[in-house]
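# Fold and contact review
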Amino acid sequence: MPSMRETKPIRPVLLNEVDHLGRPIAPEVLSVAREIGPRAVAYADNLIGDPAVTVTCLEEAAASVSAAIAEKQRMGAPGVRDIGAYLFRTFIHLIDKAKHREMSFEDAVQEYGETQFNPTEQGRAETAVLINEIMAVCDQVSREIILLRLRDQSWEEIGRHFGISPYAAETRYRKALDRARKTLRIQK
Amino acid sequence: MPGAKGKSGARKRKLSDKAFLAIGNRHLAEDFPNPTRQGCPEDSVLKLAAEHPAQMSEETLNHITLCSPCYNLFGDFLGKAPVKSAHRKPTTRSAKASQS
């Protein structure tokens with residue numbers, strides 16, 4: 001990246017080669033997890049404030065990603081382009097789940113009230129899974145088109161950005177979604 | 001996402017496009033907090049990415065989708081950025097008239 005903001009010094013994170021469920025973490029995933037560990041744990045500490053839980057979540061995420069990569073290889077599905085990003089998203093998803101488990105009764109009641117007008121937890125989880133898959137398997141242009149669409153850009157605007165027709169932009173978007181959905185079905 | 005599970009026994013329906021966009025936008029805008037802005041690019045990089053999305057680097061794209069503050073800032077810039085044609089300028093009637 002051309003120029004970065006100043007970052008605070010962060011402590012290294014010690015990770016086991018298996019998660020708390022006894023599932024192994026592949027060496028390449030463990031290496032990436034150790035690399036992104038300090039930043040990821042610093043992120044999550046602000047959310048749930050318990051370093052032990054965050055490290056456990058990181059190990060669980062690393063084991064899940066190891067299993068997913070092995071499954072993709074076995075099924076001949078497209079590989080994961082950026083293990084770091086894939087791992088980070090999985091980790092954030094687990095942190096989100098841990099955060100909800102620790103909600104107080106009052107928080108739970110308030111959130112229940114909000115869900116009357118907002119998407120369900122299942123809808124959110126499905127979308128998070130789908131976006132993670134798109135970011136892992138789709139090409140850069142398709143990911144950019146999806147990003148612009150998520151920010152409410154019209155097909156005409158997206159088409160102009162990429163020098164293609166609105167129809168071509170929409171087709172590319174649909175193909176990317178279908179591809180990610182197909183990969184998820186293969187994994188299941 | 002590996003490790004993610006839906007509710008057991010619930011019949012799964014394909015998310016509608018509108019729901020996917022609404023929930024996806026909220027997911028990227030809220031679920032990746034970065035209060036200390038660790039590893040964030042300068043605002044000018046995000047502004048440039050919003051003005052010329054087709055020329056965005058992969059690194060910037062990956063960061064925007066993993067950092068809610070940058071995603072929101074990118075969205076703000078996108079709202080203000082004029083949409084420029086990547087290849088050719090649209091021909092208007094007045095432009096045609098002036099050419100002839």
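Scope of this entry: the structure provided in the associated data block.

Criteria and cut-off values
- Residue indices begin from 1 for each chain and proceed along its sequence in written order.
- Here chains are named by letter from A upward and ligands by number from 1 upward, in the order in which they appear as written.
- Reporting of local features is limited, given that this is a predicted model, to residues whose pLDDT is at least 70; pairs of side-chain atoms are given and counted only at 80 or more, and all residues count toward the totals for whole chains, interfaces and linings.
- To define axes, lines are fitted to C-alpha atoms, for helices over the stretch in contact only, and angles between the resulting N-to-C directions are given on a 0 to 180 degree scale.
- Helix and strand assignments come from DSSP, with helices taken as H or I runs of at least 4 residues and strands as E runs of at least 2, each series counted from the N terminus.
- Here the angle decides the label: under 35 degrees means roughly parallel, over 145 means roughly antiparallel, 65 to 115 means roughly perpendicular, and every other value means oblique.
- Should the near helix be turned anticlockwise from the far one by less than a right angle, the crossing is left-handed, and should it be turned clockwise, the crossing is right-handed.
- Two residues qualify as a contact pair if the distance between their C-beta atoms, derived from the backbone, is within 7 Å.
- Each residue gets one of three labels, nonpolar for Ala, Val, Leu, Ile, Met, Phe, Trp, Tyr, Cys and Pro, charged for Asp, Glu, Lys and Arg, and polar for the others, Gly among them.
- Residues with at least 20 neighbouring C-beta atoms inside 10 Å of their own are called buried, those with 12 or fewer are called exposed, and the rest are partly exposed, where every C-beta is derived from the backbone.

### Focus: the packing of helix 1 (residues 27–48) of chain A against helix 2 (residues 51–75) of chain A
All names here are of chain A. At their nearest, the axes of helix 1 and helix 2 sit 9 Å apart, and the two run at 140° to each other. The angle between the axes of helix 1 and helix 2 places the two elements in the oblique class. In the packing of helix 1 onto helix 2, the handedness of the crossing is right-handed. Contact residues: Val29, Leu30, Ala33, Gly37, Ala40, Val41, Ala44, Asp45 and Ile48 in helix 1; Pro51, Val53, Thr54, Val55, Cys57, Leu58, Ala62, Val65, Ser66 and Ile69 in helix 2. A breakdown of the residues in the contact of helix 1 with helix 2 according to their chemical character gives 15 nonpolar, three polar and one charged.

### Focus: unusual backbone geometry
The phi torsion at A:Asp152 lies on the positive side, around 70°, for a residue other than glycine. Tracing the chain through its elements places A:Asp152 in the loop between helix 6 (140–150) and helix 7 (155–162). For A:Asp152, a count of 13 C-beta atoms within 10 Å gives the class partly exposed. Not every positive phi belongs to a glycine, and B:Arg37 is a case in point at roughly 55°. Take B:Arg37: it is sitting in the loop between helix 1 (17–30) and helix 2 (43–51). We classify B:Arg37 as partly exposed; it has 14 C-beta atoms within 10 Å.

Such coordinate-based values are descriptive only and should not be taken to indicate function.
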